[in-house]
Amino acid sequence: MLKKSGQVSDYFEVDGIFIEKRSIWLWEFWLFVLWIEKEISEKNLKKLKSLTKKENCLFIQIEYLNYFKNKTPSPYKGEGWGEGFYKKFITPYTAIIDLKKSEEDILANMKPKWRYNIKVARKKWVEAEIVEKSEENIKAYYDLMLETTSRDNFSGNILEYYKTFLNSLENSKLILAKKDWVIISGWIFTFDKEVSIYYYWASTSKKEYRNLMAPYLVQWIAIEYAKSINSKIYDFLWVASANEKNSSLAWVTAFKWKLTKDFIKVSEGYIFVNKKFKYFLINFLRKLKK
């Protein structure tokens, strides 16, 4: 039986690099890294290769987000690394906000309805803030995630994944939105001097809170915080490409389109294959399945 591909089964941290271990066909596993702008050092690339071998994984794939179109980092060339990917985990296109702009200009670039929804959330006394990454708060976020995945029919990760993500990345933040002390929405971000990124979100399914527009307020709080630390870019992460029809990201893209008009191509893939024969066998089976 072929094992379902893509499930996260374990997590590692190497000198600030967060690594996911994911299942693949034929009882194999692979490692995944999402990396932003600055190059991974040759020393750490060797550590990643060693980890791939130690965990007996099929391959390791790095999705490199190149916002400023710097030259492809030289460490990715040679030593078994090559440009490409097994599966494009991060879509090539993303939606961004140039944080060098004033708050007035950022708001002006948004859809009027989005600006209005921020005011609605505040008028209805929704409160959103960065909270401590405590067991209680992460569990509150996870409970909302279970509601969200059930309601919107997509897969999330296990509780330990979010704990590891938040606690292993120093620049990660958890923002919770509340109404009368009831947590109604939760969002996970990373904030950095170069790029701040929105990663995960969750919200309540209770009808009495669905019209409070909490997600809009949370995004604005995150944008304000990113500007306060002089981050250059705010990234909403993946969106569908302009020519893509019937995309699973259509509704996400429509939401992000309300926030910004700036969509760019940003993602590049690099891969080190540890077990070449089995890697090519699985690729061949994928083609047969298609």
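Conventions we followed
- Residue numbers run consecutively from 1 along every chain, following the written order of its sequence.
- Per-residue local features are limited, in this predicted model, to residues with pLDDT of at least 70; the limit for side-chain atom pairs, both in listing and counting, is 80 or more; totals at the level of whole chains, interfaces and linings are taken over all residues.
- Excluding hydrogens and water, the side-chain values take into account all heavy atoms of the structure.
- Here an axis means a line fitted to C-alpha atoms, over the contact stretch when the element is a helix, while the angle between two N-to-C directions is reported on a 0 to 180 degree scale.
- Helix and strand definitions follow DSSP, with helices as H or I runs of at least four residues and strands as E runs of at least two, each counted in order from the N terminus.
- Orientation categories follow fixed angle ranges, with anything under 35 degrees roughly parallel, anything over 145 roughly antiparallel, 65 to 115 roughly perpendicular, and all other angles oblique.
- Should any heavy atoms of two residues lie within 4.5 Å, those residues are counted as being in contact.
- Gly falls in the polar group here, along with every residue not listed as nonpolar (Ala, Val, Leu, Ile, Met, Phe, Trp, Tyr, Cys, Pro) or charged (Asp, Glu, Lys, Arg).
- Take the far helix as your reference; a near helix turned counterclockwise from it by less than a right angle gives a left-handed crossing, and one turned clockwise gives a right-handed crossing.
- Note on aromatic contacts: the rings of Phe and Tyr and the six-membered ring of Trp form a pair at centre separations within 6.5 Å, being stacked when their planes are under 30 degrees apart, edge-to-face when over 60 apart, and tilted otherwise.
- Per-residue accessibility, obtained with a 1.4 Å probe over protein chains only, is compared with the maximum for each type, and a residue is labelled buried under 20%, exposed over 50%, and partly exposed between these values.
- Whether a charge sits over a ring comes down to the Lys NZ or Arg CZ being within 6 Å of the ring centre and within 35 degrees of the ring normal.
- To form a nonpolar core, buried Ala, Val, Leu, Ile, Met, Phe, Trp, Tyr and Cys residues must be joined to one another through side-chain atoms within 4.5 Å.
- Two strands form a pair only when DSSP identifies at least two bridges running between them.
- One side-chain nitrogen of Lys or Arg within 4 Å of one carboxyl oxygen of Asp or Glu is enough to make a salt bridge.

S.K.: Just to check I follow, could you spell out the packing of helix α3 (residues 112-123) against helix α7 (residues 214-228) for this structure?
M.R.: For any two helices packed against each other, one specifies the crossing angle of their axes together with the interaxial distance. Axis separation between α3 and α7 bottoms out at 8 Å; the angle between their running directions is 100°. Judged by the inter-axis angle, α3 sits roughly perpendicular to α7. Along the contact surface, α3 presents W114, N117, I118, A121 and R122, while α7 presents Y216, L217, Q219, W220, I221 and E224. Among the residues making up the contact of α3 with α7, the classes are represented as seven nonpolar, two polar and two charged.

S.K.: Just checking my understanding: could you explain the packing of helix α4 (residues 135-152) against helix α5 (residues 159-168) for this structure?
M.R.: Their axes nearest at 10 Å, the elements α4 and α5 cross at an angle of 130°. Considering their axes alone, α4 and α5 lie oblique with respect to each other. Every pair of crossing elements has a handedness; the one defined by α4 and α5 is right-handed. Contacts between α4 and α5 involve E135, I138, K139, Y141, Y142 and M145 from the first element and L159, Y162, K163, L166 and N167 from the second. Looking at side-chain class alone, the contact of α4 with α5 contains seven nonpolar, one polar and three charged residues.

S.K.: Explain the packing of aromatic side chains here, please?
M.R.: Aromatic rings in a pair are described by how distant their centres are and how their planes are angled relative to each other. All told, the structure shown has 29 aromatic pairs when counted by the stated rule. Summarising the aromatic geometry, the rings of Y161 and Y162 are spaced 5.3 Å apart at their centres and angled 90° between planes, so their arrangement reads as edge-to-face. The exposure class assigned to Y161 is buried, which follows from its relative accessible area of 0%. For Y162, a relative accessible area of 1% puts it in the buried group. Ring geometry for F189 and Y198: centres 6.0 Å apart, planes at 50°, overall tilted. Accessibility assignment for this pair places F189 and Y198 in one class, buried. Taken together, the ring pairs connect Y11, F18, Y141, Y142, Y161, Y162, F165, Y199 and Y200 into an aromatic cluster. K21 extends its terminal NZ or CZ atom over the ring of F29, reaching a point 5.0 Å from the ring centre.

S.K.: Explain the nonpolar core to me, please; I cannot follow it from the model alone.
M.R.: General note: in soluble globular proteins, nonpolar side chains tend to be found buried as a group. By size, the foremost hydrophobic cluster in this structure holds 43 residues, and its most contacted members are F59 and Y162. Among the nonpolar cores identified, the runner-up in size contains 35 residues, and F189, F236, V239 and F255 belong to it.

S.K.: Got a minute to help me understand the sheet that holds strand β6 (residues 93-98) in this structure?
M.R.: Through backbone hydrogen bonds, the strands of a sheet pair up, either in parallel or in antiparallel fashion. Strand order in the open sheet made by the seven strands is β7-β8-β9-β10-β11-β6-β12, with mixed pairing throughout. Sheet topology places β7 (127-131) and β12 (262-265) at the edges, where each strand pairs with a single neighbour. In this sheet, neighbouring strand axes are inclined to one another by 30° on average, regardless of whether the strands run parallel or antiparallel. Lying over the sheet, α7 contacts β6, β7, β8 (172-179), β9 (182-190), β10 (195-203) and β11 (233-238), oriented at roughly 35° with respect to β9.

S.K.: When you look at the pattern of salt bridges in this model, what are you seeing that I'm missing?
M.R.: For side chains bearing opposite charge, pairing can occur when the charged atoms are close. Tallied over the full model, the rule gives twelve salt bridges. One salt bridge in this structure joins K139 and D143, with 2.8 Å as the shortest N-O distance. Taken together, the residues K139 and D143, both in helix α4 and four residues apart, mark about one turn of the helix. With a relative accessible area of 38%, K139 lands in the partly exposed category. Classification of D143 by relative accessible area gives partly exposed; the value is 33%. If you follow the salt bridges from partner to partner, you end up with E28, K275 and K278 in one network.

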